[in-house]
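Reading the structure
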Amino acid sequence: MSNRPLVTLGETMGLLTTTGEGPLRHQRTLELGTGGAESNVAIGVARLGVPAAWIGRVGDDEVGRLVLASLRGEGVDTGAVRKDAGAPTGLMLKTRRTVVDRRVTYYRRGSAGSRLSPEDVGESLVPGAAVLHVTGITPALSASARDAVEYAVRLARENGVPVSLDVNYRATLWSRHEARSCLVPLARQADVLFAGEDEAALLGASGDHVALATGLARLGPAEVVVKRGPHGAFALVDGAGYETAAIPTTVIDPVGAGDAFVAGYLAERIAGAPVARRLRTAAICGAAACAVRGDWEGAPERAELERLAQAGAEVQR
């Protein structure tokens, strides 16, 4: 296994989660945690034994300190993180209106994370990475954050570092037109591209999951992975197709499952595993994340993978 890290960059926020169902105004207790797509992936690969580093900004506040403590506690390198005394760490609020209706609201305008810039990326970490992983969330935060992502991708390509892009479209951050104008050029520079079926359509692909992957591959990535939720996933790698079924699970909190899936795939890719193994591990990680509350807490360790893949496994003695 490579000792070079997965490197990623983006915004990680404080996460406030209601402990019961119903309108927020009737809740009396909130749990405090952290979450962010890119750092979720970093934690996921670290738990699978792959070094990981996260680049970002946090406020010089208690929530920012919690973010750093959480990431460091999971073995993620935060040496490149900057504390921004001029802006707060962002917040997101996760509520459950009913058992099945979950909503996430963001309070990130003017946050430290949205002030991410190319200067934060530096020139030392990315060139030594096993993979640079970026998402479509960060470039939507601000012009400087978009510049940071584009700079990191350019730096990776100049140094022969594979680039991974998860579309991760967020309608609350930008329009489909704005997203497409930014993400299509990024997809053309990616070696590995992850997209949900609706996100594949955003980038111009159409048809069933095989056709979607084929359409995305025409943009340039040698590896395209279409995430299909309860229907599993399909990968098109160097023209060959691979498919995996979803792992049966009880869905407690689906937020973060896509990040866990990506972490599983990339960790196995960095370890040199074949595509079928990458997809299976990704599916196990996604299912495990769904079954636990929190954005990243359910990400499995490598020793747990096969047990978690067994449907109905409940008691270990």
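My aim in this report is to walk through the structure given alongside it, one point at a time. Only a predicted model underlies this, so the values are computations on that prediction, with no experimental measurement involved. (Residues numbered from 1 in each chain as written. Predicted model: local features only at pLDDT ≥ 70, side-chain atom pairs only at ≥ 80, totals over all residues. Heavy atoms only, no water.)

**Here we look at the environment of G86**
Summarising the element assignment, G86 is placed in the loop between β6 (82-84) and β7 (91-96). Using a relative accessible area of 56% as the deciding quantity, one classes G86 as exposed. Along the chain, G86 and D238 lie 152 residues apart, while their C-alpha atoms are 46 Å from each other. (Helix = DSSP H or I, 4+ residues; strand = E, 2+ residues; numbered from the N terminus. Buried < 20%, exposed > 50% of the residue type's maximum accessible area, 1.4 Å probe, protein only.)

**Section: the sheet that holds strand β3 (residues 30-35)**
Read across the open sheet, the 4 strands follow the order β3-β2-β7-β8; overall the sheet is mixed. Looking at the sheet topology across the chains shown, the edges are occupied by β3 and β8 (102-107). Across the sheet, the axes of successive neighbouring strands diverge by a mean angle of 25 degrees, strand direction being ignored. Alignment of β7 against β8, held across 6 bridges, turns out to be antiparallel. Across the sheet, residue L93 finds its bridge partner in β8, namely T105. Its contacts with the sheet put helix α2 (residues 62-73) on β2 (13-21), β3 and β7, and the angle it makes with β3 is roughly 60 degrees. (Pairing = 2+ DSSP bridges. Axes fitted to C-alpha atoms, helices over the stretch in contact; angles between N-to-C directions. Contact = heavy atoms within 4.5 Å.)

**Let's talk about the layout of surface pockets**
Taken as a whole, the largest pocket encloses approximately 1000 Å³ of empty space. Every residue lining the largest pocket is counted, 47 residues in all, and those nearest its centre are P254, G256, A257, G258 and D259. When contributions to the lining of the largest pocket are tallied by element, the ones reaching two or more residues are α1 (37-47), β8, α6 (197-202), α8 (257-270) and α9 (275-290). By residue number, the principal contributor to the lining of the largest pocket is α9, which donates 5 residues. Class assignment for the residues of the lining of the largest pocket results in 22 nonpolar, 13 polar and 12 charged. (1 Å grid on protein atoms, 1.4 Å probe; cavity = no way out; pocket = protein on both sides within 12 Å on 5 of 7 lines; lining within 4 Å. Points joined across faces, edges and corners; volume = space filled by probe spheres on them. Nonpolar A, V, L, I, M, F, W, Y, C, P; charged D, E, K, R; others polar.)

**Some details on the packing of aromatic side chains**
Applying the stated criterion to the full structure yields 1 aromatic pair. For the ring pair F194 and Y265, a centre distance of 5.5 Å and an interplane angle of 90 degrees mean the geometry is edge-to-face. Of the two residues, F194 is situated in strand β11 (residues 192-196) and Y265 in helix α8; the sequence distance between them amounts to 71 residues. Given a relative accessible area of 0%, Y265 falls into the buried group. Residue placement shows R108 over the ring face of Y106; its charged tip is 4.8 Å from the ring centre. (Phe/Tyr/Trp six-rings, centres within 6.5 Å; stacked < 30°, edge-to-face > 60°. Lys NZ or Arg CZ within 6 Å of the ring centre and 35° of its normal.)

**Looking at empty space enclosed by the protein**
Applying the stated criterion to the full structure yields 1 cavity of 30 Å³ or more. The volume enclosed by the largest cavity comes to roughly 50 Å³. In this structure, the largest cavity is lined by T17, K94, R96, R102, I252, D253 and R293. Here the residues of the lining of the largest cavity sort into 1 nonpolar, 1 polar and 5 charged.

**Thoughts on the sheet that holds strand β12 (residues 223-227)**
The strand order across the open sheet formed by 8 strands is β4-β1-β9-β10-β11-β12-β13-β14, and the pairing between neighbours is mixed. Of all strands in the sheet, those bounded by a partner on one side alone are β4 (52-55) and β14 (240-244). Pairwise comparison of adjacent strand axes, ignoring direction, gives a mean angle of 15 degrees for this sheet. Here 5 bridges tie β12 to strand β13 (residues 233-237), and the two strands are oriented antiparallel to one another. The residue of β13 that forms the bridge with K227 is A233. Where helix α4 (residues 143-158) meets the sheet, it contacts β1 (6-9), β9 (131-135) and β10 (163-166), and its direction lies at approximately 155 degrees from that of β9.

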